[in-house]
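# Structural overview for review
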Amino acid sequence: MLDNALIEVRILLQVLELGCGNSQLCDELYKEGITDLTSIDLSSVAVAKMQKRLLSKGLKDIKVMEGDMLNLSFTDESFDVVIEKGTMDVLFVDSGDPWNPRLEAVNKAMAMLQGVHRVLKPNGIFISIAFGQPHFRRPLFNAPEFTWSIEYSTFGDGFHYFFYILRKGCRSLDSDADMNKVETPSICLYQDELDNEDYLFRTNIDEMDDER
Ligand SMILES: C[S@@+](CC[C@H](N)C(=O)[O-])C[C@H]1O[C@@H](n2cnc3c(N)ncnc32)[C@H](O)[C@@H]1O
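Just so it is clear, the model here is predicted, and its values are computed rather than measured.

### Some points on the sheet that holds strand S5 (residues 120–130)
- If you trace the eight strands from one edge of the open sheet to the other, you get S3-S2-S1-S4-S5-S7-S6-S8, paired in mixed fashion. Strands with a single pairing partner mark the edges of an open sheet, and in this sheet they are strand S3 (63–66) and strand S8 (180–181).
- Sheet topology note: the S5/strand S7 (residues 161–167) ladder contains six bridges and is antiparallel. The residue of S7 that forms the bridge with Ile 125 is Arg 167.
- Contacting strand S2 (36–41) and S3, helix H3 (residues 44–56) runs over the sheet at an angle of about 165 degrees to S3.
- Strands in contact with helix H5 (residues 103–119) are strand S1 (14–18), strand S4 (79–85) and S5; relative to S5, the strand with the most contacts, it is inclined by about 140 degrees.

### Description of the confidence of the model for the protein chain
- Per-residue pLDDT for the protein chain averages 85, and the proportion of residues at 70 or more is 79%.
- Mean pLDDT across the elements of the protein chain ranges from a minimum in helix H7 (residues 191–195), with 53, to a maximum in S3, with 98.
- Note that residues 199–212 has pLDDT below 50 and, in this model, 33 contacts with residues that lie over four places away or in other chains.

### Some remarks on the nonpolar core
- In this structure, Leu 16, Leu 18, Val 82, Leu 113, Phe 126, Phe 141 and Trp 148 are the most contacted members of the largest nonpolar core, which totals 32 residues.
- Secondary-structure elements contributing two or more residues to this core are S1, S4, H5, S5, helix H6 (134–141), strand S6 (149–155) and S7.
- At seven residues, the largest contribution of residues to this core is made by H5.
- When residues no more than four places from it in sequence are discounted, the contact partners of Trp 148 are Leu 113, Val 116, His 117, Leu 120, Phe 126, Phe 141, Leu 166, Arg 167, Lys 168, Gly 169, Cys 170 and Arg 171.
- Residues Val 15, Ile 34, Phe 131 and Tyr 161 belong to the second largest nonpolar core, which totals 23 residues.

### A few points about the packing of aromatic side chains
- Enumeration according to the criterion identifies eleven aromatic pairs in this entry.
- Centre to centre, the rings of Trp 99 and Phe 136 are 4.8 Å apart; their planes meet at 75 degrees, and the pair counts as edge-to-face. Of this pair, Trp 99 sits in the loop between helix H4 (87–90) and H5 while Phe 136 sits in helix H6, placing them 37 residues apart in sequence.
- We classify Trp 99 as exposed; its relative accessible area is 63%.
- Judged by centre distance (4.7 Å) and plane angle (35 degrees), the rings of Phe 146 and Trp 148 are tilted.
- Overall, the relative accessible area of 3% leaves Phe 146 in the buried class.
- Relative accessible area serves as the criterion here: at 1%, Trp 148 is assigned to the buried category.
- Grouping aromatic residues by their ring pairs yields a cluster made of Phe 131, Phe 155, Tyr 161 and Phe 163.

### Remarks on the pairing of S2
- Across the six residues that make up S2, a large majority, five, are buried.
- With five bridges connecting them, S1 and S2 associate as parallel partners. Note that in S2 the partner of Leu 18 across the bridge is Ile 40.
- Assessed by its sense of winding, the connection that carries the chain from S1 through helix H2 (residues 25–31) to S2 is right-handed.
- In terms of strand pairing, S2 meets S3 through four bridges, oriented parallel. Note that in S3 the partner of Thr 38 across the bridge is Lys 63.
- Handedness of the crossover joining S2 and S3 through H3: right-handed.

The rules behind the values
- Counting restarts for each chain, with residues numbered from 1 along the sequence as it is written.
- A pLDDT threshold of at least 70 governs which residues receive local features in this predicted model, and a stricter bar of 80 or more applies before side-chain atom pairs are shown or counted, although totals over entire chains, interfaces and linings include all residues.
- To get the side-chain values, take all heavy atoms of the structure and skip hydrogens and water.
- Following DSSP output, two strands are said to pair if at least two bridges run between them.
- Helical segments are the DSSP runs of H or I of at least four residues, strand segments are the runs of E of at least two, and each set is numbered from the N terminus.
- In this description, contact between two residues means that some pair of their heavy atoms is separated by no more than 4.5 Å.
- To get an axis, a line is fitted to the C-alpha atoms, and for a helix only the part in contact is used. The angle between two axes follows their N-to-C directions and goes from 0 to 180 degrees.
- For every residue, the predictor states its confidence as a pLDDT score lying anywhere from 0 to 100.
- By nonpolar core we mean a set of buried residues, namely Ala, Val, Leu, Ile, Met, Phe, Trp, Tyr and Cys, connected to one another through side-chain atoms within 4.5 Å.
- For the exposure calls, accessible area comes from a 1.4 Å probe over protein chains only, and a residue counts as buried if that area is under 20% of its type's maximum, exposed if over 50%, partly exposed in between.
- Only the six-membered ring of Trp is used, alongside the rings of Phe and Tyr, when aromatic pairs are assigned; centres must lie within 6.5 Å, and planes under 30 degrees apart are stacked while those over 60 apart are edge-to-face, with the rest tilted.
- Crossovers are marked right-handed if the path from the first strand over the helix to the second runs clockwise, as seen with the strands pointing away from the viewer.

Next comes the structure, spelled out in structure tokens:
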């Protein structure tokens, strides 16, 4: 009965994926029962490849479209979950000293986060799966304009990556509250699936493998 209830909840969730590339994340979410999925990418090539691949797998319900995560075109409070994997990292590829990143990168990251915060419903969740370490992400996620709480956990053997969960409207009244590290995130994605994707290094869309 609980399983059925959980499936019903998942079906109702409206989920937005930022910078999908040709990742299989949306396929996996769909398999988990999350069917109202919208994936955007800046690259028309990535979008076309993703659409073709999903169609070939019969996943025609997943909406894939061109879109800029720095200027989201969706209405306010329209998604329960926004998720990105390796896309925010791209903003910091050429940002110089990580302790003092270039203003341009910081401004882009803030534009992205402001958009995410805007399109999330009250109590909506932003999931960020990234190589960006907590001490570099903290000042951005913790900006005073955001109302989300922040927790994270660490994955990976060689390269560590981080799984951040930001819950809109759940920020502690203590404005100095820090990010909470949790041993197991309260939302579960399968680590194997993430480990199998060489996402951070696959920034060149032409290198994407059609067969995935
Ligand atoms: C490192 S890849 C990650 C792709 C995918 N999320 C994965 O896990 O394999 C970054 C992706 O973000 C896309 N991207 C970069 N800037 C973007 C933006 N401003 N808006 C939307 N997508 C963007 C790129 O086209 C690329 O597909």
